[in-house]
Amino acid sequence: MAIDTRVSPAEPSTAPAAQPRLTGPRAPRRALTPRAARTRDVVLPIVVFVALIGVGYLIALYYDQVRGLPFLVPYPHLVLNAVLLDADFRPDLLEALGNTTLIAVIGLAIAIVIGVAWAVLMVQARWIESALFPYAVVLQCIPILALVPLIGSLFGYEMPSRIIVTVMFALFPMVSNTLFGLQSVDKGQRELFQLQGASRLTLLTKLRFPAALPSIFIGLRNSAGLSVIGAIVADQFFQRGDGGLGVLISVMNQRLNGAEMFAAIVVASVLGVLVFVAFGWLGRVATGKWFTAN
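Given the structure is predicted, the values throughout are model-derived calculations rather than measurements.

Observations regarding the overall build of the protein chain
1) Next: Within the protein chain, the secondary structure is distributed over 10 helices and zero strands.
2) Next: The secondary structure elements of the protein chain, listed N-terminal to C-terminal, are α-α-α-α-α-α-α-α-α-α.
3) Next: Burial status across the protein chain gives 35% buried among its 294 residues.
4) Next: Taking the contacts inside the protein chain whose residues are at least 6 apart along the sequence as the reference set, 72% of them involve residues at least 24 apart.

Structure (structure tokens):
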């Protein structure tokens, strides 16, 4: 029996050919109205804050019920009570807050003067910048806590040493941001001043400083926050004389007064945030609507 080996031609497919998928341009994302954006900016931080309070209660519950160490992490309402309602603790807290604020303000003022003068000197010539700027970087990189014993031996363990540590914390942002602002002047404007025979002082006061104001206020805002940190850190090591929040935190920790210790930490944090926000607002007011210091 013969087998037919011929291959029959394939039948044409009746399935419709796949058509390319046509996609139009995506619709632009709907922008929030100014009112909705403001509501979002207010509501979201509140939601996060409530969540953090909840986490705080869970951690405090763990240390209270499981570890049997309620003084290590107190409940948030006990911390709030120590800040607002504890008549025995509040005078000490307010006095420490005043001392820390005083140290921070003095240190910040000195850092502003030194930082602006340092930047003005460096902007006068490239070789001066090459000679001095590395020391600003070194100052930023030095572990300041390692210098604390030396500072205490040289200047004592009271207010002068606290101010020196605060200045060291706050100085570098003022130097770097002021220098950047002074150097960011438009080349054409600088050449125009030079063609008019303007002196270095006129160039500095009429052109460089106005152009550098946004950068200067960014440095001032950062230095203000660092000055509070420096004042508290200095308190931790130089505990003679009028103590600030750092001393109060150490004392409450040694006494195992957890609520009072956390109350001092919260007040120190609020002080740093308020100083940061205040100088940010001052920068926006001083530079006007043409620049927003983000």
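Description of the packing of helix 8 (residues 200-237) against helix 9 (residues 245-254)
1) Next: For the pair helix 8 and helix 9, interaxial distance at closest approach is 6 Å and the crossing angle is 50 degrees. On the basis of the axis angle, helix 8 is oblique to helix 9. For the element pair helix 8 and helix 9, the recorded crossing hand is right-handed. Note on element contacts: helix 9 touches helix 8 through Leu245, Gly246, Val247, Ile249 and Ser250, opposite Ile232, Asp235 and Gln236.
2) Next: By residue class, the composition of the contact of helix 8 with helix 9 is four nonpolar, three polar and one charged.

What about a nonpolar patch on the surface?
1) Next: Taken together, the side chains of Val42, Val43, Ile46, Val47, Phe49, Val50, Ile53 and Tyr57 define a hydrophobic patch exposed on the protein surface, amounting to about 700 Å² of accessible area.
2) Next: Of note, Val50 is situated in helix 1 (residues 34-66).
3) Next: Residue classification places Val50 among the exposed residues on the basis of a relative accessible area of 53%.

Comments concerning helix 9
1) Next: Counting buried positions over the 10 residues of helix 9 gives seven, a clear majority of the element.
2) Next: Within the sequence span of helix 9, burial applies to Leu245, Gly246, Val247, Leu248, Ile249, Ser250 and Met252.
3) Next: Tucked inside the fold, the buried residues of helix 9 contact helix 3 (90-122), helix 6 (159-183), helix 8 and helix 10 (258-287).
4) Next: Immediately beyond the C-terminal end of helix 9, within one or two residues, lies Leu256, with a positive phi of roughly 60 degrees.

A short note on the packing of aromatic side chains
1) Next: Applying the stated rule across the entire model yields three aromatic pairs.
2) Next: Their ring planes at 85 degrees and their centres at 5.4 Å tell us that Tyr62 and Tyr63 sit as a pair that is edge-to-face.
3) Next: Given a relative accessible area of 40%, Tyr62 falls into the partly exposed group.
4) Next: Of the residues examined, Tyr63 reaches a relative accessible area of 22% and is grouped as partly exposed.

Here we look at the pattern of salt bridges
1) Next: According to the stated counting rule, one finds two salt bridges in the structure shown.
2) Next: Between Glu129 and Arg126 there is a salt bridge, and its shortest N-O distance comes to 3.1 Å. Within this pair, Glu129 and its partner Arg126 are both found in helix 4 (residues 126-141), separated by three residues, close to a single helical turn.
3) Next: Given the relative accessible area of 60%, Arg126 is considered exposed.

What about the layout of surface pockets?
1) Next: Estimates place the volume of the largest pocket at around 530 Å³.
2) Next: Taken together, 16 residues line the largest pocket, and the ones lying closest to its centre are Phe49, Ile53, Pro76, Val79 and Val266.
3) Next: Put simply, the parts of the chain that give the lining of the largest pocket at least two residues each are helix 1, helix 2 (76-84) and helix 10.
4) Next: Looking at which element gives the most residues to the lining of the largest pocket, the answer is helix 2, with six residues.

Section: the nonpolar core
1) Next: Among the nonpolar cores identified, the biggest contains 56 residues, and Phe89, Leu93, Val165, Leu182 and Leu248 are the most heavily contacted of them.
2) Next: Looking at this core, the elements that each hand over two or more residues are helix 2, helix 3, helix 4, helix 5 (144-155), helix 6, helix 8, helix 9 and helix 10.
3) Next: No other element matches the 12 residues that helix 6 contributes to this core.
4) Next: Leu93 has contacts with Val83, Leu245, Leu248, Ala264 and Val267, leaving out every residue within four places of it along the chain.

Considering unusual backbone geometry
1) Next: In the Ramachandran plot, Leu256 falls in the positive-phi region, its phi being about 60 degrees despite a non-glycine side chain.
2) Next: Of note, Leu256 is situated in the loop between helix 9 and helix 10.
3) Next: Judged by its relative accessible area of 48%, Leu256 is partly exposed.

Parameters at a glance
Residues numbered from 1 in each chain as written. Predicted model: local features only at pLDDT ≥ 70, side-chain atom pairs only at ≥ 80, totals over all residues. Heavy atoms only, no water. Helix = DSSP H or I, 4+ residues; strand = E, 2+ residues; numbered from the N terminus. Buried < 20%, exposed > 50% of the residue type's maximum accessible area, 1.4 Å probe, protein only. Contact = heavy atoms within 4.5 Å. Axes fitted to C-alpha atoms, helices over the stretch in contact; angles between N-to-C directions. Parallel < 35°, antiparallel > 145°, perpendicular 65-115°, else oblique. Left-handed = near helix turned anticlockwise from the far one by under 90°. Nonpolar A, V, L, I, M, F, W, Y, C, P; charged D, E, K, R; others polar. Patch = residues over 30% accessible without salt bridge, like charges linked within 9 Å, V, L, I, M, F, W, Y side chains within 5 Å. Areas by Shrake-Rupley, 256 points an atom, 1.4 Å probe, with all protein chains shown as cover. Salt bridge = Lys/Arg side-chain N within 4 Å of Asp/Glu carboxyl O. Phe/Tyr/Trp six-rings, centres within 6.5 Å; stacked < 30°, edge-to-face > 60°. 1 Å grid on protein atoms, 1.4 Å probe; cavity = no way out; pocket = protein on both sides within 12 Å on 5 of 7 lines; lining within 4 Å. Points joined across faces, edges and corners; volume = space filled by probe spheres on them. Core = buried A, V, L, I, M, F, W, Y, C linked by side-chain atoms within 4.5 Å.

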